[in-house]
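Breakdown of the fold
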Amino acid sequence: MSDERDPRLTHLAADGSAAMVDVGDKDDTVRVAEAEGFVRMKPETLQLILEGNMKKGDVIGAARIAGIMAAKQTASLIPLCHPLALTKVSVEIEPDEALPGLRVRTLAKLTGKTGVEMEALTAASVACLTIYDMAKAVDRGMEIGGIRVLAKSGGKSGDWTMTAEGVR
């Protein structure tokens with residue numbers, strides 16, 4: 001799919017100052033975005049988490065709730081984001097022995113005038129940060145990475161998906 005959008009940055013006014021985009025004239029459409037991230041850790045740390053033996057409690061459950069809560073607060077965290085009435089947020093966290101660590105995948109959805117990529121990214125980021133926070137007592141060397149949008153649909157710019165070869 002070719003990208004025929006205006007190449008200018010949308011959050012800049014004519015004088016170059018930061019500005020919130022006016023979405024008032026846009027049509028309401030179903031908009032969905034998926035994002036991901038990971039937390040790489042020692043194999044022993046992953047095992048403690050999976051066995052439920054972390055002193056702070058259920059790492060995966062807490063991270064899932066934190067990610068959902070964060071998605072709902074995105075407009076409070078990112079200055080030019082619109083407050084959105086999300087209709088769905090999901091946070092899936094799976095062990096990955098190859099990392100080793102945990103992979104986080106999020107989805108944000110609504111019917112509205114603007115996309116939900118930032119909400120999906122915020123959910124993934126905060127879920128990863130929560131995992132780090134809950135496990136740092138046993139593994140301060142954990143690495144958070146791979147935060148990116150995987151797919152988006154809806155709106156004038158259309159649908160796209162991240163593939164191994166790039167965006168399609």
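Located above this text is the structure these notes cover.
Residues numbered from 1 in each chain as written. Predicted model: local features only at pLDDT ≥ 70, side-chain atom pairs only at ≥ 80, totals over all residues. Heavy atoms only, no water.

**Examining the overall build of the protein chain**
Definition in use: Strands here are runs of E lasting at least two residues and helices are runs of H or I lasting at least four, both read from the DSSP assignment and numbered beginning at the N terminus. The buried label goes to any residue with under 20% of its type's maximum accessible area, the exposed label to any with over 50%, and the partly exposed label to all in between, with areas taken from a 1.4 Å probe on protein chains only. Contact definition: two residues touch when any of their heavy atoms are within 4.5 Å. Per-residue accessibility takes into account occlusion by the displayed protein chains alone, with areas from the Shrake-Rupley method and a 1.4 Å probe.
When you go through the protein chain residue by residue, the secondary structure sums to four helices and six strands. Traced from its N-terminal end to its C-terminal end, the protein chain shows the element sequence β-α-α-α-β-β-α-β-β-β. Out of the 168 residues belonging to the protein chain, those deemed buried represent 38%. The long-range share in the protein chain, meaning contacts at least 24 apart out of those at least 6 apart in sequence, stands at 70%. When the accessible surface of the protein chain is totalled, it reaches about 9900 Å², and 54% of it is carbon and sulfur.

**Comments concerning the pattern of salt bridges**
Convention followed: For this document, the term salt bridge refers to a Lys or Arg side-chain nitrogen within 4 Å of an Asp or Glu carboxyl oxygen.
Evaluation of the coordinates by the stated rule reveals seven salt bridges. Note that glutamate 143 is salt-bridged to arginine 40, the shortest N-O span being 2.7 Å. You can see glutamate 143 sitting in strand E4 (residues 143-153) and its partner arginine 40 sitting in strand E1 (residues 29-40), a full 103 residues away along the chain. Among the salt bridges present, the one from aspartate 133 reaches lysine 136, with a minimum N-O distance of 2.4 Å. In this structure aspartate 133 comes out as partly exposed when scored by relative accessible area, which is 34%. Among the charged side chains, a network of salt bridges with common partners joins Lys56, Asp133 and Lys136.

**A closer look at unusual backbone geometry**
Of note, the bond from leucine 99 into proline 100 is cis; its omega dihedral lies within 30 degrees of zero at -10 degrees. In this fold, proline 100 is placed in the loop between strand E2 (88-96) and strand E3 (101-112).

**Looking at helix H4 (residues 117-135)**
Note: α-helices contain 3.6 residues per turn, so residues at a spacing of three or four share the same orientation. As a reminder of what qualifies: One fewer than the residue count of a helix, multiplied by 1.5 Å, yields its expected span.
Here H4 is 19 residues long and its end C-alpha atoms lie 27 Å apart, about the 27 Å a rise of 1.5 Å per residue gives. Looking at H4, one finds that the buried residues are Glu119, Ala120, Leu121, Thr122, Ala123, Ala124, Ala127, Cys128, Thr130, Ile131, Met134 and Ala135.

**Here we look at the side chain of aspartate 96**
The condition that has to hold: Under this definition, polar contacts are N or O atom pairs within 3.5 Å; protein pairs additionally need one hydrogen-donor-capable and one acceptor-capable atom, and for neighbouring residues in sequence, both atoms have to be side-chain atoms.
Turning to its location among the elements, aspartate 96 is positioned in strand E2. The class for aspartate 96 is buried, based on a relative accessible area of 17%. Within the local environment of aspartate 96, its side chain forms a polar contact with the backbone nitrogen of alanine 98, the two atoms lying 2.9 Å apart. A distance of 2.6 Å separates a polar atom in the side chain of aspartate 96 from a polar atom in the side chain of arginine 103. Not counting the four nearest positions on each side in its chain, aspartate 96 is found in contact with Leu46, Gly101 and Arg103.

**What about the side chain of arginine 31?**
The line we're drawing: Positive charge is attributed to Lys and Arg, negative charge to Asp and Glu, and no charge count is given to His or to the chain ends.
Mapped onto the fold, arginine 31 is located in strand E1. For the buried arginine 31, no salt bridge exists, and the shortest N-O distance to an oppositely charged side chain is 6.7 Å, to glutamate 117. Polar contacts involving the side chain of arginine 31 include one to the side chain of threonine 29, which spans 3.2 Å. Look past the residues within four positions of arginine 31 in its chain and what remains in contact with it is Lys26, Ala108, Lys109, Leu110, Gly112, Lys113, Thr114, Gly115, Val116, Ser153, Gly154 and Gly155.

**Comments concerning a nonpolar patch on the surface**
The line we're drawing: Each patch is built from salt-bridge-free residues with over 30% relative accessible area, joining like charges within 9 Å and nonpolar side chains (Val, Leu, Ile, Met, Phe, Trp, Tyr) within 5 Å.
Where nonpolar side chains cluster on the molecular surface, the patch consists of Leu129, Ile144 and Ile147 and spans about 230 Å² of accessible area. Turning to its location among the elements, isoleucine 144 is positioned in strand E4.

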